[in-house]
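An overview of the molecular structure
So you can see what is in the structure, the chains are spelled out below.
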Amino acid sequence: MHDPAHPSAPPSPDPDQGKPIGVIGLGAMGHGMASSLRRAGYRVHVCDVRLEAAQAFAADGGVACASPAELAAHCEVLVSVVVNAAQTDAVLFGEHGAAAAMRPGSVFVMCSTVDPNWSVALEARLAAMGVLYLDAPISGGAAKAASGQMTMMTAGRPEAYAKVGNALDAMAAKVYRLGDQAGNGSKVKIINQLLAGVHIAAAAEAMALGLREGVDAAALYEVITHSAGNSWMFENRMAHVLAADYTPLSAVDIFVKDLGLVLDTARATKFPLPLSATAHQMFMQASTAGFGREDDSAVIKIFPGITLPQPEPKP
């Protein structure tokens, strides 16, 4: 039994190896999670709006499905790794959605960052259909997803854990169990996103001030990453700025959405979040300026009067 305050123990040999499991959404995180499950011995069925992505995954071992409904017909456990609540709703209840094809006792594992109240309502809606639900947002980035080292913040009924516990351990190094009903997984995830968004915004502001004051950007990065002012986000995201590489590993618009969820949750109980509100405005400004699809470190582009590092010239 997992202590709810501590991460899960190292996974034991999985009796579910060889069983089918479904993954919907093969983006940066979903592809890595599907690969981890395949490595652990599961027969992984995959589905993505880009059929070619599912077929490419299946070419290395697995089964490509044309729709969530087709995937649900083959699997008792579905792991959904799409962007938001609207996409999750479409996966379940849209045309060729999974919900109608899921057998009673199946489990839907929801890994998106969503409004906690929406997650609670989804659990009830699926329960009425006889389907179990796990509120299971994820964190750690694409590299940790690919290596099975990410973090999962989960909440749900014991019966759901009984069916998916080994699969969770195959995908994540830390599986936190935060309650026996949906909600707390999503609440902890949006609190994580509060910190992540504020840290990225603060890192960008610090680097922008350094550039404005004429400090060498690489030297500033070296000093800060070895000083008390460092954060994981400064070290990770300002490296993108130094490389002038704004390829979206996590986009500006993700934090427009996620910090919006943070603020919506706090507003419901009239709880003040001044730093979150300011960071949200910074990401909104970056998105409106045309950088919404760029890496979230592109929030630094909102600062006036600075010259950002440029890409190294190609030989």
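Use the structure listed above.
What about the overall build of the chain?
Across its full length, the chain carries 12 helices and nine strands. Expected size for 315 residues packed as a compact globule is a radius of gyration near 20 Å; at 20 Å, the chain falls within 12% of this value. Projected onto its principal axes, the C-alpha coordinates of the chain cover approximately 65 × 55 × 40 Å. With 315 residues in all, the chain has 49% of them scored as buried. Sequence separation of 24 or more characterises 66% of the internal contacts of the chain that already satisfy a separation of 6 or more. When the accessible surface of the chain is totalled, it reaches about 14,900 Å², and 58% of it is carbon and sulfur. In the chain, 22 positive and 29 negative side-chain charges are present, and the distance between their average locations comes to 4 Å.

Quick word on the pairing of strand 4 (residues 77–80)
Burial of strand 4 is two-sided: the residues Val-77 and Val-79 facing one way and the residues Leu-78 and Ser-80 facing the other way are all buried. Remark: the strand 4/helix 4 (residues 85–93)/strand 5 (residues 107–110) crossover connection has right-handed handedness.

Observations regarding helix 5 (residues 116–127)
With 12 residues, helix 5 should cover 16 Å at 1.5 Å per step; its first-to-last C-alpha distance of 17 Å lies within 8% of that length. Taken together, the buried positions of helix 5 are occupied by Pro-116, Ser-119, Leu-122, Glu-123 and Leu-126. Looking down the long axis of helix 5, one finds its buried residues gathered within 110° of arc, a one-sided arrangement. Looking at the packing, one finds that the buried side of helix 5 touches helix 4, strand 5, strand 6 (132–135), strand 8 (150–156), helix 8 (184–212) and helix 11 (252–267). Regarding helix 5, its N-cap is Asp-115, as a side-chain oxygen of that residue lies 2.8 Å from the backbone nitrogen of Asn-117 further along.

Describing the environment of Ala-124
If you trace the backbone, Ala-124 turns up in helix 5. Residue classification places Ala-124 among the partly exposed positions, given a relative accessible area of 49%. Between the C-alpha atoms of Ala-124 and Ala-182, which are 58 residues apart in sequence, the distance is 9.1 Å.

Focus on the pattern of salt bridges
The tally for this structure, following the rule as stated, stands at eight salt bridges. Between Asp-48 and Arg-50 there is a salt bridge whose closest N-O contact spans 2.9 Å. Judged by relative accessible area, which is 37%, Arg-50 ranks as partly exposed. Residue Glu-294 pairs with Lys-301 through a salt bridge whose shortest N-O separation is 2.6 Å. You can call Lys-301 partly exposed: its relative accessible area is 26%.

Regarding helix 2 (residues 51–59)
Of the residues making up helix 2, those classed as buried are Ala-53, Ala-54, Phe-57 and Ala-58. All buried residues of helix 2 lie within an arc of 135° about the axis, which places them on one face of the element. Exposed residues lying more than 90 degrees from the buried face of helix 2 are Glu-52 and Ala-59. In this fold, the buried residues of helix 2 make contact with helix 1 (28–39), strand 2 (43–47) and strand 3 (63–64). Once helix 2 finishes, Gly-61 follows within two positions and takes phi at roughly 125°, a positive value.

Observations concerning the packing of aromatic side chains
Two aromatic rings, taken as a pair, are described by how far apart their centres are and by the angle between their planes. Applying the stated rule across the entire model yields two aromatic pairs. Judged by centre distance (5.3 Å) and plane angle (25°), the rings of Phe-255 and Phe-283 are stacked. One end of the pair, Phe-255, is in helix 11; the other, Phe-283, is in helix 12 (residues 274–291), with 28 residues separating them in the sequence. The class of Phe-255 is buried, set by a relative accessible area of 2%. The exposure class assigned to Phe-283 is buried, which follows from its relative accessible area of 0%. Note that Arg-38 overlies the ring of Phe-57, its terminal NZ or CZ placed 3.9 Å from the centroid. Between the NZ or CZ atom of Arg-125 and the centre of the ring of Phe-93, over which it lies, the distance is 3.5 Å.

The rules we used
Residues numbered from 1 in each chain as written. Predicted model: local features only at pLDDT ≥ 70, side-chain atom pairs only at ≥ 80, totals over all residues. Heavy atoms only, no water. Helix = DSSP H or I, 4+ residues; strand = E, 2+ residues; numbered from the N terminus. Rg over C-alpha atoms; globule rule 2.2 N^0.38 Å. Buried < 20%, exposed > 50% of the residue type's maximum accessible area, 1.4 Å probe, protein only. Contact = heavy atoms within 4.5 Å. Areas by Shrake-Rupley, 256 points an atom, 1.4 Å probe, with all protein chains shown as cover. Lys, Arg positive; Asp, Glu negative; His and termini not counted. Charge placed at Lys NZ, Arg CZ, Asp CG, Glu CD. Right-handed = clockwise from strand over helix to strand, strands pointing away. Expected span 1.5 Å × (residues − 1). Arc of directions from axis to C-beta. Polar contact = N/O pair within 3.5 Å; in protein donor to acceptor, adjacent residues only side chain to side chain. Salt bridge = Lys/Arg side-chain N within 4 Å of Asp/Glu carboxyl O. Phe/Tyr/Trp six-rings, centres within 6.5 Å; stacked < 30°, edge-to-face > 60°. Lys NZ or Arg CZ within 6 Å of the ring centre and 35° of its normal.

Fair warning: the whole summary comes from geometry, so function is off the table for now.
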